[in-house]
Amino acid sequence: MSRPASRFISPSLQWGMIGLIAIALSLWQAGLFRQTVVNFNGFPLLWRFVAASVHPDLSYDLLATTLQASLVTLAYAVCGTFLSVTIGAIAGVFCSEVWWLEVLRAKRLRYFGFHSVRAILAFPRAIHELIWGLFFLNIWGLDPLVAVAAIAIPFGAITAKVFSEILDETPRQPLLALINSGVAPITAFFYTLLPQAFLNLLSYSFYRFECSIRSAAVLGIIGAGGLGYEILLSLQSLRYEQLWTFFYALLILNGGVDIASATLRNQLGCASRIDLNSHRPTKRNISNSRIFSLFPIAIAGVALSFWYIQPDLSKIGSPRSQQLLHQIVQTSLPPNFTGIAELIPLSVETVAMSVLAIAIAASGGLLLAFPAAQIFLLSGLLNRRGNANLFPLVLLVIARIVLLLCRAIPAPIWALVVLYVLFPGILPGAIGLGLHNLGILGRLFAEVIENLEQPPLKALSAGGTPNSLVFLYGVLPATMPRFLAYTLYRWEVCMRETVIVGLVGAGGLGRLLTEQLSSFDYQSLIVTLGAFLVLTFLVDWISGRVRRSLRAS
Amino acid sequence: MSSDPIISVDRVTLQFGQFTALTDISLHIVAGERVALVGSSGAGKSTLIRLLNGTLEPTRGEVQAFGQKLHQLKPKHHRQIQRQIGTIYQQLHLVDNLRVIHNVNAGHLGHWSFLKALISLIVPLDVATATQALAQVGIPEKLYDRTDRLSGGQQQRVAIARVLVQNPMVILADEPISSLDRELSREVMEILCNCQSSRTLIVSLHDVDVALRYCDRMIGLRRGRILFDAPSTAVSSEMIADLYRL
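One structure accompanies this document, and this report is about it. Counting restarts for each chain: residues are numbered from 1 in the order of the written sequence. Here every chain gets a letter starting at A, and every ligand a number starting at 1, in the order they are written. For a predicted model such as this one, the threshold for reporting local features is a pLDDT of at least 70, and the threshold for listing and counting side-chain atom pairs is 80 or more; totals across whole chains, interfaces and linings nevertheless cover every residue. Remark: hydrogens and water are excluded; side-chain values derive from all non-hydrogen atoms of the structure.

## Details of the overall build of chain A
Strands here are runs of E lasting at least two residues and helices are runs of H or I lasting at least four, both read from the DSSP assignment and numbered beginning at the N terminus. For chain A, the count of helices and strands is 23 helices and 0 strands. Contacts are assigned to residue pairs that have any heavy atoms within 4.5 Å of one another. For chain A, long-range pairs separated by at least 24 residues make up 81% of all intrachain contacts whose partners lie at least 6 apart in sequence. For the area figures, the Shrake-Rupley method with a 1.4 Å probe applies, and any residue is considered shielded solely by the protein chains shown. Surface summary for chain A: the accessible area is close to 25,100 Å², and the carbon and sulfur share equals 69%.

This is how it looks when you write it as structure tokens:
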């Protein structure tokens with residue numbers, strides 16, 4: 001760093017203050033302290049909703065519907081993941097620095113090639129799946145293809161970015177050693193870099209699958225079918241018993257996928273998302289041959305999923321779709337800038353919503369992550385007398401169920417529930433987003449805690465340090481940087497997800513976007529989308545800057 | 001054996017930004033010579049080796065290999081030359097999570113087609129050559145082990161086996177024995193020296209005794225300059241003392 005570090009105001013403190021100010025301003029923007037936000041008339045309805053959780057509808061017909069809807073959601077996720085990983089693998093190679101620099105040896109062209117591919121990929125990534133979904137809906141009509149493509153395109157772009165980062169951070173010397181012994185660069189690439197990066201790529205693909213299943217549920221809400229769609233129908237017709245049946249199905253689906261993926265990733269030795277980009281030596285418990293035995297299973301699963309949802313692939317290139325696409329492009333030009341003044345307050349609302357959402361998610365996630373982590377229970381670290389204590393176990397189960405419930409239920413559904421007791425505005429949207437992301441962040445935090453290096457803690461403990469101080473001096477300092485990094489990553493996601501709570505009227509640019517999409521006002525839509533992209537890139541830039549400055553300190 | 005130099009370096013200076021790693025180096029090596037590069041750490045031994053295999057480009061001066069100016073060649077010809085120069089790196093640069101046979105087979109990649117290389121990653125090809133090379137370095141039983149499960153000395157042998165499979169005219173070895181004990185050092189040097197008499201060997205060493213025993217010519221490097229370049233028999237203890245003087 002250029003400036004000498006101040007003794008009192010460290011970068012983390014500085015950013016912390018800025019964060020707190022941002023949260024306070026966002027609360028002000030949300031109307032807190034200025035107007036009544038709580039609608040007390042809604043409490044009886046909320047109570048009916050909560051009470052229904054203990055007696056879900058278990059009739060045979062509904063269970064059959066639930067099973068079918070769950071399979072549809074799962075199949076969307078499988079197909080979406082398959083396509084996004086395929087797109088990501090191909091595009092990821094082409095937007096990695098190592099490909100342009102070492103394989104193509106394009107020294108001068110590198111900046112043009114590599115940066116242009118990256119820039120092109122930034123656009124599909126910045127637009128949320130839901131917007132893609134609504135867009136494809138206008139072209140292809142209601143078809144499973146819509147859901148699969150809406151997952152595949154933005155996730156493909158995200159996967160490409162992460163894959164390229166993994167490739168770029170894989171040790172490059174073996175590749176160079178081969179190239180400099182006269183091996184053709186592309187052969188050397190496949191022979192050295194891919195095998196080295198393979199486990200990380202695979203483990204990230206599993207993580208993408210977890211995201212896809214949540215996304216598949218959200219896409220149901222725009223009519224793509226599956227559990228999200230059924231949930232929205234039951235919620236709108238106030239059939240809470242049915243609603244909870246679907247909730248529990250979603251819970252089982254998400255829980256199952258999360259556990260399976262976590263187990264596999266753990267076996268591969270790449271337990272967490274951030275570890276992918278770190279240089280920590282990974283512990284590998286699985287041999288290559290066992291990984292390859294997973295491939296026939298995966299291929300069968302993908303084939304089965306495509307067969308189950310029967311997407312009408314002929315629609316992709318059909319004259320009718322082309323005609324509609326042509327129409328959309330034509331009607332969206334020239335852009336209509338008349339509503340641009342309105343965009344500024346809406347942009348402020350959008351950012352405020354994302355800040356509040358991440359604040360809720362991070363603080364809630366932090367509170368629940370510690371009881372949800374196994375470490376204290378199994379190692380007996382903070383329970384050194386070793387007497388079997390039931391209390392932490394109960395706490396662990398409760399914390400995990402709460403986290404699972406939070407992340408399994410899509411944010412717009414949470415927002416609709418919150419709307420029972422809050423007046424419409426950005427606050428219910430922020431709470432909805434916050435609750436959903438709380439579940440995700442809490443789980444990621446818990447993974448960080450479980451992967452803590454134990455020896456330093458044991459050393460502290462062995463020195464007679466009381467548990468509370470082991471926590472303060474050992475656990476918290478070791479986990480906090482990662483917590484912050486995850487929180488900032490997630491803030492970027494929250495920013496994009498403001499769109500999906502906009503769908504249920506939570507305000508911000510998201511509401512305007514969905515309105516303009518469904519009223520076919522493409523001329524204004526293109527301007528709003530532009531504003532949203534600018535905002536997204538801005539948030540990404542701030543988040544990236546903060547992460548870099550925290551890492552440096 | 002012809003007396004034309006197989007490798008010649010002509011008045012080469014190499015700078016990394018402000019730092020001058022090599023200053024005004026000239027040397028000629030004929031086929032079949034065994035040359036030791038000696039000098040303290042930071043003297044420029046590794047840099048010189050990376051210059052000779054075409055990884056680094058000189059700032060001034062030129063490097064020729066097999067009569068061709070290395071840095072004016074088109075990529076294709078450059079690669080053809082590089083195939084005749086095998087390098088054993090100090091850090092080995094093996095692909096850790098592949099099995100030993102793949103790392104040994106990497107020596108073939110200069111000749112294999114892309115498709116053959118891909119197939120070999122799934123079903124190892126040319127097992128016989130790999131086994132023979134591993135037998136030469138004394139670890140044939142490790143053929144199907146994962147490379148990162150081997151000890152440091154065994155990995156060193158895998159790196160040597162890779163170069164043996166590549167079968168180049170010139171072998172460059174950067175500190176091949178720095179992390180090995182005496183017995184292993186002796187074995188590795190024997191392998192390197194005994195593989196073929198017509199093959200040229202250029203090896204950087206920190207151990208002057210080993211250099212004296214196995215090489216017929218010694219080049220002393222000090223702070224990026226050649227201090228002496230003489231037959232091993234003509235190297236005196238004063239010259240060595242001068243080399244390591246602070």
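Next comes the rest of the account.
## Re the environment of A:Gln173
Relative to the assigned elements, A:Gln173 resides in helix 8 (residues 173-179). The class for A:Gln173 is partly exposed, based on a relative accessible area of 40%. Under the scheme applied here, a residue whose accessible area is under 20% of the maximum for its type counts as buried, over 50% as exposed, and between as partly exposed, the area being computed with a 1.4 Å probe on protein chains only.

## Some remarks on helix 7 (residues 144-169) of chain A
Residues and elements named next belong to chain A. Expected span, for any helix, means 1.5 Å times one less than how many residues it has. In this model helix 7 runs 37 Å from its N-terminal to its C-terminal C-alpha over 26 residues, within 8% of the 38 Å that 1.5 Å per residue would give. A residue's bend is given by the angle between axes fitted to the 7 residues ending at it and the 7 residues starting at it. Most pronounced at Phe155, the bend in helix 7 amounts to some 25°. Among the 26 residues in helix 7, 22 count as buried, and that is most of the element. Capping the start of helix 7 is the job of one residue whose side-chain oxygen sits 2.8 Å from the backbone nitrogen of Leu145: Asp143. The definition of a polar contact used here is a pair of N or O atoms within 3.5 Å, where within protein one atom must be able to donate a hydrogen and the other to accept one, and adjacent residues in sequence count solely through side-chain atom pairs.

## Some points on the packing of helix 10 (residues 227-236) of chain A against helix 11 (residues 240-268) of chain A
Residues and elements named next belong to chain A. Helix axes use the C-alpha atoms of the stretch in contact, all axes being lines fitted to C-alpha atoms, and the angles between their N-to-C directions lie in the range 0 to 180 degrees. Two elements in contact, helix 10 and helix 11, have axes whose closest approach is 8 Å; the angle formed by their N-to-C orientations is 155°. Considering their axes alone, helix 10 and helix 11 lie roughly antiparallel with respect to each other. Crossing hand, helix 10 versus helix 11: left-handed. Side by side, helix 10 and helix 11 meet where Leu227, Glu230, Ile231, Ser234 and Leu235 of the first sit next to Tyr240, Gln242, Leu243, Phe246, Phe247, Ala249, Leu250 and Leu253 of the second. Considering only residue class, the contact of helix 10 with helix 11 consists of 10 nonpolar, 2 polar and 1 charged. Orientation is classified from the angle alone, with under 35 degrees giving roughly parallel, over 145 giving roughly antiparallel, 65 to 115 giving roughly perpendicular, and any other angle giving oblique. Handedness of a crossing follows from how the near helix is turned relative to the far one, being left-handed for an anticlockwise turn of less than a right angle and right-handed for a clockwise one. Charged means Asp, Glu, Lys or Arg here, nonpolar means Ala, Val, Leu, Ile, Met, Phe, Trp, Tyr, Cys or Pro, and polar covers whatever is left, Gly included.

## Considering empty space enclosed by the protein
All names here are of chain B. Think of a 1 Å grid over just the protein atoms. A cavity is a set of points where a 1.4 Å probe fits yet cannot get out, a pocket is an open set with protein on both sides within 12 Å along at least five of seven lines, and lining residues have an atom within 4 Å of a point. Grid points are joined across faces, edges and corners, and a volume is the space filled by probe spheres set on the points. Tallied over the full model, the rule gives 3 cavities of 30 Å³ or more. Here the largest cavity is characterised by a volume of approximately 60 Å³. Here the lining of the largest cavity gets 3 residues from one element, more than from any other, and that element is helix 6 (residues 152-166). Considered class by class, the residues forming the lining of the largest cavity number 5 nonpolar, 4 polar and 1 charged.

## What to know about the interface of chain A and chain B
At the interface, 21 residues of chain A touch 28 residues of chain B. Put simply, buried area is the surface a 1.4 Å probe can reach on two separate parts but cannot reach once they are joined, added for both. Summing both sides of the interface, chain A and chain B together bury roughly 2,100 Å²; the carbon and sulfur share of this comes to 59%. A carboxyl oxygen of Asp or Glu within 4 Å of a side-chain nitrogen of Lys or Arg is what we treat as a salt bridge. Put simply, chain A and chain B have 0 salt bridges between them. Elements supplying a minimum of two residues to the side of chain A that touches chain B: helix 8 and helix 9 (185-224) of chain A. Counting residues per element, the side of chain A that touches chain B draws most heavily on helix 9 of chain A, which supplies 8 residues. Tallied by class, the residues present in the side of chain A that touches chain B amount to 12 nonpolar, 8 polar and 1 charged.

## With respect to helix 22 (residues 508-518) of chain A
Residues and elements named next belong to chain A. Burial analysis of helix 22 places 8 of its 11 residues in the buried class, which makes it a mostly covered element. Taken as a whole, helix 22 has its buried residues at Gly508, Leu509, Gly510, Leu512, Leu513, Thr514, Gln516 and Leu517. Once helix 22 finishes, Phe520 follows within two positions and takes phi at roughly 55°, a positive value.

## Considering the sheet that holds strand 4 (residues 60-65) of chain B
The strands making up a sheet associate through hydrogen bonds between their backbones, and the pairing can be parallel or antiparallel. Residue and element names in this part refer to chain B. The strand order across the open sheet formed by 4 strands is 2-1-4-5, and the pairing between neighbours is antiparallel. Here the strands that pair on one side only, and so sit at the sheet edges, are strand 2 (19-30) and strand 5 (68-69). Alignment of strand 1 (residues 5-16) against strand 4, held across 5 bridges, turns out to be antiparallel. Each bridged residue has a counterpart across the sheet, and for Ser8 the counterpart in strand 4 is Gln64. In short, DSSP must find at least two bridges between two strands for them to pair.

Structural measurements only, silent on function.
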